[in-house]
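Remarks on the overall topology
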Amino acid sequence: MATMKSVRTGPVGGIDVVDIERPMPGPRDVLLRIRACGICGTDTFFLHLGGAPMGPDGSMTSLPLGHEPAGEIVETGSAVTGLKVGDRVVVNPQGVPSGIIGCGGEHGAMSEYLLVENAEPGTNLSVFPDSVPFAVAALNEPMAVARHCVNRSGAGPADKVVVFGAGPIGLGAAIWLKLRGVQHVVVVDVIPERLETALAVGADAVIDSTDGDLTARLTELHGQSANALGQPRPATDIYIDAAGVPAVIQATVDNARWGAKLVMVAVQKKSDAIDLGGMLRSELTLIASQGYPTEIFEVTPELVQHHDRFARLISHRVPFADVRHAFELALTPGAAEKVVVTFGEQD
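Not measured: the values here are computed from a predicted model. (Residues numbered from 1 in each chain as written. Predicted model: local features only at pLDDT ≥ 70, side-chain atom pairs only at ≥ 80, totals over all residues. Heavy atoms only, no water.)

**Examining the overall build of the chain**
Check the secondary structure of the chain and you find 11 helices and 19 strands. In terms of C-alpha radius of gyration, the chain reaches 21 Å, essentially the compact-globule figure of 20 Å for 347 residues. Buried residues in the chain amount to 53% of all 347 residues. Contacts in the chain between residues at least 24 apart in sequence constitute 66% of all its contacts with a sequence separation of at least 6. Charged side chains of the chain number 26 positive and 40 negative; the gap between the two group centres comes to 3 Å. (Helix = DSSP H or I, 4+ residues; strand = E, 2+ residues; numbered from the N terminus. Rg over C-alpha atoms; globule rule 2.2 N^0.38 Å. Buried < 20%, exposed > 50% of the residue type's maximum accessible area, 1.4 Å probe, protein only. Contact = heavy atoms within 4.5 Å. Lys, Arg positive; Asp, Glu negative; His and termini not counted. Charge placed at Lys NZ, Arg CZ, Asp CG, Glu CD.)

Quick look at the structure:
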């Protein structure tokens, strides 16, 4: 029996690296050798819980982790078409029948091999060229999340946008905004290194929210407008919350001009009370953005075209042999921006 190593949730705050049977592809399946897999905030969420709640008693069960893979096909089923051994591919983790890969499904991509059931190009797999490193290709899934957020915002060339949070999703949103020709994009964060990265990937300006007056700085950058009562507000058109902290929502309410929009893409923690009256005074539109209903492979060609820009989002490339260290980095606030685990030789 051929085996492989796979990462699962362990005790609270930790992982287990286990030996399991290597999957065998059926007629419509392919087997990937994983070459890179990113660590996401969802992975760390499951680690803080020690797994996932199962059953009425709330007991926890161990989960296979990893849903941001890039790899190469090493076996194909007899009925698979449009794919071949040696193809370099990214994966739609929501496109398999056995549950979302790495988020409660049967399989996790933080493994040496991954079975993709009912393999079909454009549905659950997309081929990318060897000009793109596997570690950068592994950004395909989180960049689809960021792209959906930008799509939901409806941002156009004339808009002025502020992105709160310079993690991978916030920075990805900034890149997509600039690639679609948005006039002015500001990124707000509290970590200087993240703000430097924001400028490097194309943001027009950055704001350290611990240093100075956010309202005054936005007004300086975007000009002055007003809310529905004529009270002065920055002329910012769209606010994107990629931080997920209550202060961002209230800062948006406090600064929103008449007709502004707020797009929430970050996972929201339990919030303080929000000033609904403030929302009324600006007729603020609240838009939620979840996942990537259509964007998972919409982003792939542009990720390929601009892969050098997206590569700047990766702060740490960690070999699978040191996967415990990779998760320690991801679990430590401020220690890393984007951690990608690599398998074997990297190009």
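**Considering a nonpolar patch on the surface**
A contiguous nonpolar patch, built from F45, L49 and M60 and spanning about 270 Å² of accessible area, is present on the exposed surface. Summarising the element assignment, L49 is placed in helix α1 (residues 41-49). Residue classification places L49 among the partly exposed positions, given a relative accessible area of 34%. (Patch = residues over 30% accessible without salt bridge, like charges linked within 9 Å, V, L, I, M, F, W, Y side chains within 5 Å. Areas by Shrake-Rupley, 256 points an atom, 1.4 Å probe, with all protein chains shown as cover. Salt bridge = Lys/Arg side-chain N within 4 Å of Asp/Glu carboxyl O.)

**Things to note about the side chain of E68**
Tracing the backbone shows E68 in the loop between β5 (59-61) and β6 (69-76). Within the structure, E68 has its side chain in polar contact with the side chain of K338 (distance 2.7 Å). Discounting chain neighbours no more than four positions away, the residues touching E68 are A36, C37, G38, I39, C40, A138, E141, P142 and K338. (Polar contact = N/O pair within 3.5 Å; in protein donor to acceptor, adjacent residues only side chain to side chain.)

**With respect to the packing of α1 against helix α11 (residues 323-331)**
At their nearest, the axes of α1 and α11 sit 10 Å apart, and the two run at 95° to each other. By the angle between their directions, the pair α1 and α11 is classed as roughly perpendicular. Residues D43, T44, L47 and H48 of α1 pack against F327, A330 and L331 of α11. Per-class residue counts for the contact of α1 with α11 are four nonpolar, two polar and one charged. (Axes fitted to C-alpha atoms, helices over the stretch in contact; angles between N-to-C directions. Parallel < 35°, antiparallel > 145°, perpendicular 65-115°, else oblique. Nonpolar A, V, L, I, M, F, W, Y, C, P; charged D, E, K, R; others polar.)

**Thoughts on the environment of Q94**
In this fold, Q94 is placed in the loop between β7 (88-91) and β8 (113-116). A relative accessible area of 46% places Q94 in the partly exposed class. Each residue touching Q94, except ones within four places of it in the same chain, is listed here: I100 and Y292.

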